[in-house]
Amino acid sequence: MNETIQLDMLQSAGVGALALVVGMVMTRKIGWLQRFCIPSPVSGGILFSVATLLVYQVAHVEITFDPTLKDVFMLAFFTSVGFLSNLRVLRQGGRTLAMMLLLLVCIISVQNLVPLGITHALGVSPLVGMAAGSISMAGGHGTAGGFSSVLEQMGLAGAATISMAAATFGLITGSMIGGPIAERLIRRRLTSEHMEPKDYTIDPAMAGIESDESLPAGRAKHLSTHEQEFQQYASASYALLIVMALGTLASWGLQLTGITFPTYFGALITAAIVRNVIEQTPWRRHLEVEKIVSVGNISLSVFLGMAMISLKLWELETLALPLVLILLVQVLMMVVFTYYVAFNLLGRDYDAAVLVAGICGFGLGATPNAMANMSAVCYKYHYSV
């Protein structure tokens, strides 16, 4: 019979933070972790989860972690994501943004429908297909962690472990396939005419920032004293806490619809509304969005560290074959979809090839993977706006 060691919320947060620090050291020392943009809490957290697996298998002791603070950090992160929703900026995306949104809807739909078909054929719970679908693929670790409690309430035991394992697999493969697909498209389907850089009209705002910060005097304008930094981060933290509180009311309202939403959704929507309302007032100068995002990213790192150390890897044993099959099919679908569909719809030119690399990184992993994929292609050929 297995014994259980229960860590309280502070001990759990401390171990999660320790896993984050260990992951940061690993990322600095191990080159391929940097190459594939593996987040520090993921690499460090996996190391800790493997350690808990060994303790479980050898000493028959199960270590459990209190999720209270983990949920708070998760809520803070998704609230910061809501503050990024600036409708004025989104309108500048034009046709390409609209097409990207359409492609993303298609990707999410396929990422859910195909795993459901596989689980039906194998006689496995369809919730396994959802855990290894868009929640963990296009959603990444943050969304996987947010939805795992919903899946567990619906009856999927070990939902957090399944979804986090799928998200980690997607993170790595998304980085591995993006560059090669773009390379093949450029070499096989583009002419020298398509490869010529386009004469874009640079957004004056962006041009101003780039030219301004290229000079020491321009960079000095963005520097601040420690006291100013403290005030800005304090304001950002207060804004997050207030909107998180308001978000609980929004979540209560969403529950009345009878539709299941993750716990963070109310705060995310509330933050988006607050951001866009403030944008129409003189108060927008006092909204420290960059600092809010920084606090949110810190919260995400701690949340991921706590989520990864909580993985019960022994729960994957019975689902090994179905899960591996679903994930391999997900990668194959992404290759086919980006090569034959996304590239053609995005213009069949060099920019489209670069975007394809980004879609692979984002559709299977996360935004940093998308940026790394696109940067690698641009570094080899030329810049793409």
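Here, the structure is the one placed above.
Reading the values: the criteria
Residues numbered from 1 in each chain as written. Predicted model: local features only at pLDDT ≥ 70, side-chain atom pairs only at ≥ 80, totals over all residues. Heavy atoms only, no water. Helix = DSSP H or I, 4+ residues; strand = E, 2+ residues; numbered from the N terminus. Rg over C-alpha atoms; globule rule 2.2 N^0.38 Å. Buried < 20%, exposed > 50% of the residue type's maximum accessible area, 1.4 Å probe, protein only. Contact = heavy atoms within 4.5 Å. Lys, Arg positive; Asp, Glu negative; His and termini not counted. Charge placed at Lys NZ, Arg CZ, Asp CG, Glu CD. 1 Å grid on protein atoms, 1.4 Å probe; cavity = no way out; pocket = protein on both sides within 12 Å on 5 of 7 lines; lining within 4 Å. Points joined across faces, edges and corners; volume = space filled by probe spheres on them. Salt bridge = Lys/Arg side-chain N within 4 Å of Asp/Glu carboxyl O. Pairing = 2+ DSSP bridges. Nonpolar A, V, L, I, M, F, W, Y, C, P; charged D, E, K, R; others polar.

Helix and strand counts for the protein chain come out as 18 helices and two strands. Over its C-alpha trace the protein chain gives a radius of gyration of 22 Å, about what one expects of a compact globule, namely 21 Å for 385 residues. Over its C-alpha atoms, taken along the principal directions, the protein chain stretches across nearly 70 × 55 × 50 Å. Put simply, the protein chain has 385 residues, and 44% of those count as buried. Pairs at least 24 residues apart make up 77% of the contacts formed inside the protein chain by residues separated by at least 6 positions. Across the protein chain, the 21 positively charged side chains and the 23 negatively charged ones have centroids separated by 8 Å.

Moving on: the layout of surface pockets. Roughly 500 Å³ of internal volume is contained in the second largest pocket. Lining the second largest pocket are 23 residues, with Pro 67, Lys 70, Glu 152, Ala 160 and Ser 310 sitting closest to its centre. Those elements giving two or more residues to the lining of the second largest pocket turn out to be strand S2 (61-65), helix H4 (68-83), helix H8 (140-153), helix H9 (159-189) and helix H15 (289-309). Looking at the lining of the second largest pocket, the element that brings in the most residues is H8, giving five residues.

In the structure shown here, the tally under the stated rule is four salt bridges. One salt bridge connects Glu 183 with Arg 187, and the closest N-O pair in it is separated by 2.4 Å. Residue Glu 183 and its partner Arg 187 are both found in helix H9; the two are separated by four residues, about one turn of the helix. Since its relative accessible area comes to 59%, Arg 187 is described here as exposed. Taken together, the salt bridges that share partners define one network made up of Glu 183, Arg 187 and Lys 380.

The buried fraction of S2 amounts to four of the five residues, a majority that puts the element mostly inside the structure. As defined by bridge partners, strand S1 (residues 3-7) adjoins S2 across five bridges and the pair is classed as parallel. By the bridge assignment, Thr 4 is partnered in S2 with Glu 62.

The next thing to look at is empty space enclosed by the protein. Empty pockets left among the atoms are what a rolling probe the size of a water molecule brings to light. Enumeration according to the criterion identifies one cavity of 30 Å³ or more in this entry. The computed volume of the largest cavity comes to approximately 30 Å³. A class-by-class count of the residues in the lining of the largest cavity yields five nonpolar, two polar and one charged.

Limitation: the analysis is restricted to geometry and does not speak to function.
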